[in-house]
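Chains, contacts and geometry: an overview
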Amino acid sequence: MRVQRMTADLSEYPDLVVILLGMRVRTPRGILRLLGVGPKLYKSHHDRPDGLLSHEDVVWSLWPPHWGARQYWRDLESLERWTRSEPHRIWWQQFLKDSGGTGFWHEAYFARGGIDSVYDDMAAPTGLARFARTVPARGRLFSTRGRVRDHTPDTERHAPEIPPVVTESAIYGKTDTDTYSAIDIPVNGNQQ
């Protein structure tokens, strides 16, 4: 019997964003954080926020515990609106004050081109960071739009950015971060 091959017709989703994300335990305290916050955050997709097309839970590893999700969003704007709403906004503000012994990461892939990634308090390289050099997420690299700005359509390049949940100056204080670039700030040993 022949194999029935199918493909997804994405013509109705020209601005599709696929996002992979995870929360990984780094310390014993992180188990409590993952069990307390993780399920609430990951279950928030059940409310079917506008723009979320599909959500799948993923277990990246059992030990150390590393749970996450793969999500498909209609566009970056709907994803940003959701990340700025409850409960995600509160969780993100709390996490950026204290990761609670966990690490969090996301990678986003855009149908129109571009890839975004951020790794917060990750003890071990994950995803793209396993082979690509990492740099501080500062200056234009602080936000998803800043990191993918050269890959977005002209109409999005000039669209106003939705303000972040936490500003860079709230985390790092008033510093000149515009000088940071992916060329001159090696952070981990994954440089090639």
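Each value, and the rule that gives it
- Residues numbered from 1 in each chain as written.
- Predicted model: local features only at pLDDT ≥ 70, side-chain atom pairs only at ≥ 80, totals over all residues.
- Heavy atoms only, no water.
- Pairing = 2+ DSSP bridges.
- Helix = DSSP H or I, 4+ residues; strand = E, 2+ residues; numbered from the N terminus.
- Axes fitted to C-alpha atoms, helices over the stretch in contact; angles between N-to-C directions.
- Contact = heavy atoms within 4.5 Å.
- Phe/Tyr/Trp six-rings, centres within 6.5 Å; stacked < 30°, edge-to-face > 60°.
- Buried < 20%, exposed > 50% of the residue type's maximum accessible area, 1.4 Å probe, protein only.
- Lys NZ or Arg CZ within 6 Å of the ring centre and 35° of its normal.
- Salt bridge = Lys/Arg side-chain N within 4 Å of Asp/Glu carboxyl O.

1. Brief notes about the sheet that holds strand 1 (residues 17-25)
Pairing between sheet strands relies on hydrogen bonds along the backbone, with the strands arranged either parallel or antiparallel. Judged by pairing direction, the sheet is antiparallel, and its 5 strands sit side by side in the order 2-3-1-4-5 without closing on themselves. Strand pairing shows two members of the sheet lacking a second neighbour, strand 2 (52-61) and strand 5 (115-120), which therefore form its edges. Geometrically, the sheet is characterised by an average inter-axis angle of 10° between neighbouring strands, direction not taken into account. By the bridge criterion, 8 bridges tie strand 1 to strand 3 (residues 66-73) in an arrangement that is antiparallel. Following the sheet pairing, Arg24 is matched in strand 3 by His66. The sheet contacts of helix 3 (residues 88-97) involve strand 1, strand 4 (102-110) and strand 5, and relative to strand 4 the element is tilted by about 125°.

2. What about the packing of aromatic side chains?
As enumerated under the stated definition, the model contains 8 aromatic pairs in all. With centroids separated by 6.2 Å and ring planes inclined at 65°, the aromatic side chains of Phe95 and Phe104 adopt a geometry described as edge-to-face. Residues Phe95 and Phe104 agree in their burial class; the two are buried. In textbook terms, an aromatic cluster arises when at least three aromatic residues are bridged by ring pairs, as seen for Trp91, Trp92, Phe95 and Phe104. Across the ring face of Tyr172, the terminal group of Arg138 is positioned such that the distance to the ring centre comes to 3.7 Å.

3. Concerning the pattern of salt bridges
Overall, the coordinates contain 12 salt bridges when judged by the stated rule. We note a salt bridge from Arg26 to Asp121, for which the minimum N-O separation is 3.6 Å. With Arg26 in the loop between strand 1 and helix 1 (28-43) and Asp121 in the loop between strand 5 and helix 4 (144-148), the pair connects residues that are 95 residues apart, well separated along the chain. For Arg26, a relative accessible area of 35% corresponds to the partly exposed category. A relative accessible area of 43% places Asp121 in the partly exposed class. What you see here is one network of salt bridges that share partners, running through Asp50, Arg74, Asp75 and Arg81.

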